Amino acid sequence: MIAIIDYDAGNLKSVQKALAFLGEESVITREPKEILQADQVILPGVGAFGDAMDHLTGLGLAPVIREVAKRQIPFLGICLGLQLLFESSEESPGVEGLGILKGRIVRIPDQEGLKIPHIGWNSLQLEHGGRLFEGFSGEPYVYFVHSYYLEAEDEQIVKASTEYSAHIHASVEQGNVFACQFHPEKSGAVGLRILRNFCSIERK
């Protein structure tokens, strides 16, 4: 069973629908016991970094997510769910993230001819042998919706990147913690394959 964490940040049903298409059972939950007993855990999300951290803290889910990472339960952060794994974001100065991974979230710089938020399809440059991208070749296209992006402290955890006014760290992996700035659940066959790869990863 896959636990999809509900913290009032939206985008849950589309993730659940994609998993159902793959034949995977999932539950949308905010119950710590249910999350910690899951085979895999997904943290989706859209919205502001500070509000999301307030919700996670208020619901008592921040320590649960840290415990998921500690127990090496396969964990996938999507979009805002990626950003929350890191230490801080320019979107919400003074607000601490979960701090499970080291790095910061910064605003996409303005560039003539490019719109912010970045909404649309971009190709990925794959690197460092990410398990989410096993079986992929070339530069797969995925769907983004974001105004802020990751600068990871350790580039070795970066498994995919893209270019949009900046060099964007688009997917990371450390231990059994995975995250994507893009939306695999909205990225067609490529995204479904990424989710299938994640669902095949077992607890350590």
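Here goes a summary of the coordinates provided.

Each value, and the rule that gives it
- Residues numbered from 1 in each chain as written.
- Predicted model: local features only at pLDDT ≥ 70, side-chain atom pairs only at ≥ 80, totals over all residues.
- Heavy atoms only, no water.
- Helix = DSSP H or I, 4+ residues; strand = E, 2+ residues; numbered from the N terminus.
- Contact = heavy atoms within 4.5 Å.
- Buried < 20%, exposed > 50% of the residue type's maximum accessible area, 1.4 Å probe, protein only.
- Arc of directions from axis to C-beta.
- Phe/Tyr/Trp six-rings, centres within 6.5 Å; stacked < 30°, edge-to-face > 60°.
- Lys NZ or Arg CZ within 6 Å of the ring centre and 35° of its normal.
- Core = buried A, V, L, I, M, F, W, Y, C linked by side-chain atoms within 4.5 Å.

Quick word on the side chain of S26
In step 1: Along the polypeptide, S26 turns up in strand β2 (residues 26-29).
In step 2: Apart from residues lying up to four places away in sequence, S26 is in contact with M1, I2, I4, Q16 and L19.

Some words on helix α1 (residues 12-21)
In step 1: L12, V15, A18 and L19 are the residues of α1 that are buried. All buried residues of α1 lie within an arc of 130° about the axis, which places them on one face of the element. For α1, the exposed residues lying more than 90 degrees away from the buried face are K13, K17, A20 and F21.
In step 2: Where the residues of α1 are buried, they touch β1 (2-5), β2, β3 (40-43), β4 (75-78) and α6 (188-199).

Notes on the packing of aromatic side chains
In step 1: Under the defined criterion, the tally for this structure stands at 4 aromatic pairs.
In step 2: Seen in terms of ring centroids, F133 and F136 are 6.0 Å apart; in terms of plane orientation they differ by 75°. Their pairing is edge-to-face. F136 carries the same exposure label as F133, and that label is buried.
In step 3: Taking the centre distance of 5.8 Å and the plane angle of 70° together, the rings of F144 and F182 count as edge-to-face. In this pair, F144 is assigned in strand β9 (residues 141-146) and F182 in the loop between β13 (177-180) and α6, connecting sequence segments 38 residues apart. As far as burial versus exposure is concerned, F144 and F182 are alike and both buried.
In step 4: Taking NZ or CZ as reference, R193 lies 4.6 Å from the ring centre of F136, over its face.

Overview of unusual backbone geometry
Only a minority of non-glycine residues have a phi that is not negative, and only a minority of peptide bonds are not trans.
In step 1: Going from I116 to P117, the amide bond is cis rather than trans, its omega being 10°.
In step 2: With respect to the helices and strands, P117 occurs in the loop between β6 (103-107) and β7 (118-123).
In step 3: For D8, which is not glycine, the phi torsion reads 60° and is therefore positive.
In step 4: Inspection of the secondary structure puts D8 in the loop between β1 and α1.
In step 5: A positive phi angle, near 70°, is found at S165, a position not held by glycine.
In step 6: Among the secondary structure elements, S165 is positioned in the loop between β11 (158-163) and β12 (167-174).

Focus on the nonpolar core
In step 1: Counting residues in each nonpolar core, the largest one holds 38 residues, and the members touching the most others are Y7, L84 and F86.
In step 2: Of all the elements in the fold, those that place two or more residues in this core are β1, α2 (32-36), β3, α3 (49-58), α4 (62-70), α5 (80-84), β10 (148-152) and β13.
In step 3: For this core, the leading source of residues is α4, giving 5 residues.
In step 4: When near neighbours in sequence (up to four residues on either side) are disregarded, L84 contacts Y7, L43, F49, A52, M53, L56, G97, L98 and G99.
In step 5: Among the nonpolar cores identified, the runner-up in size contains 28 residues, and A18, L19, F144 and L192 belong to it.

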